[in-house]
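Chains, contacts and geometry: an overview
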Amino acid sequence: MRYIDLHCDTLTRALELGARDMLSLPEAMLDVRRLRAAGALGQVFAVYFPPRSELRRRFGMDDEAFFCACAKIYHNTFGRSRSPRGFAHFVSGRADPPAFFPVLSLEDGRILSGKPGNIARFRDLGVQLITLTWNEPNCLGFPCSSDARIMERGLTPFGIDAVWEMNRRGVAVDVSHLSDGGFWDVLRHSERPFLASHSNARAVHKHPRNLTDDMLRAIARRGGIVGLNFAPSISGTGGSEQLLRHARHILRVGGEDILALGSDLDGFQESSELCSARHIAALPEYFHGSGFSCDATEKLAYRNALRFFEDVCD
Ligand SMILES: [Zn+2]
């Protein structure tokens, strides 16, 4: 089945492998050849920033140099065209589905360095989605944490301005990895739908990276989406059965309009039965065989994600 995946770390993996592009990366979990073979309609590629000390040690780069190196791989792979222009035509049925559209994202907004002007700059460089934090505090806010004092902290004043500016510039706001306090601040300040690109349900697996039922309901009311994360540590046990549990719960609490896919491939090292593009493509069919209606299955596979990008990245 055609599908859209809201998160992978293949770009960082490609840089690590010394590749020039992502057309064929046999050592990675994904590459364009396998995405096309699996019928992917869209894939979000994150520039995942390792902690600064690790960035220096492993890549000998600062944040800006690292972003440029990843963006170069992205543009070597896909050219410089801005893909989401085609969203509206496809959603409204006026055009055939594009063969494939890529989306560039930042995983960790720390590179914004507290400067609102950087949002327009990165938008012009092709970034259409920003995951506000990773696992460390940054200029935007605080990460999710098992430490309640960190978990309850909200966005910084710059984080609030940044959400507003991202709304204005058509850059999607991503709350995956964000603290609970930050989540509620995004809800308070974002005028547009926002997403959790790669998070599951906390009621199914109690992990700070996952979303509470109240959060799922809030995302649903705001027209946002939630991408199911395949990483065994985040889903609980890994595997399609466990993801079905998360999907059923999210569907029950937030409805069928919020479910999407956010595999996190190339972002985890644990071994998992779900570790390739064809596994992402097979998951909606497995859900359908387990009782998901045709409509709910298609929405989860790609329609919700298309609707979201059409709403946000205009
Ligand atoms: Zn992540």
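Worth saying up front: this structure is predicted, and the values here are computed from it rather than measured. (Residues numbered from 1 in each chain as written. Predicted model: local features only at pLDDT ≥ 70, side-chain atom pairs only at ≥ 80, totals over all residues.)

1. Regarding the nonpolar core
Core analysis: the largest hydrophobic core is formed by 93 residues, its most contacted members being Tyr3, Leu11, Val173, Val226, Leu261 and Ala305. Counting residues per element, this core draws most heavily on helix 14 (residues 294-312), at nine residues. For Ala305, the contacting residues outside a window of four places in its chain are Ile4, Leu6, Gly42, Ile225 and Ala260. (Core = buried A, V, L, I, M, F, W, Y, C linked by C-beta atoms within 7 Å. Buried ≥ 20, exposed ≤ 12 C-beta atoms within 10 Å, placed from the backbone. Helix = DSSP H or I, 4+ residues; strand = E, 2+ residues; numbered from the N terminus. Contact = placed C-beta atoms within 7 Å.)

2. Observations concerning the packing of helix 13 (residues 277-289) against helix 14
Axis separation between helix 13 and helix 14 bottoms out at 9 Å; the angle between their running directions is 160°. Taken as axis vectors, helix 13 and helix 14 run roughly antiparallel relative to one another. Helix-helix and strand crossings are classified by hand; for helix 13 and helix 14 the assignment is right-handed. Two secondary-structure elements touch here, helix 13 through Pro284, Phe287 and His288 and helix 14 through Cys294, Thr297, Leu300 and Ala301. Here the contact of helix 13 with helix 14 is composed, by residue class, of five nonpolar, two polar and no charged. (Axes fitted to C-alpha atoms, helices over the stretch in contact; angles between N-to-C directions. Parallel < 35°, antiparallel > 145°, perpendicular 65-115°, else oblique. Left-handed = near helix turned anticlockwise from the far one by under 90°. Nonpolar A, V, L, I, M, F, W, Y, C, P; charged D, E, K, R; others polar.)

3. Quick word on the pairing of strand 3 (residues 101-107)
For strand 3, a buried count of seven out of seven residues is recorded, marking the element as mostly surrounded by other parts of the structure. In this sheet, strand 3 lies alongside strand 2 (residues 40-48) in parallel orientation, the contact comprising seven bridges. Note that in strand 3 the partner of Val47 across the bridge is Leu106. Alignment of strand 3 against strand 4 (residues 127-131), held across four bridges, turns out to be parallel. Note that in strand 4 the partner of Ser105 across the bridge is Leu129. You can see the chain leave strand 3, run along helix 6 (residues 117-124) and come back into strand 4, and the turn it takes is right-handed. (Pairing = 2+ DSSP bridges. Right-handed = clockwise from strand over helix to strand, strands pointing away.)

Nothing here speaks to function; it is all geometry.
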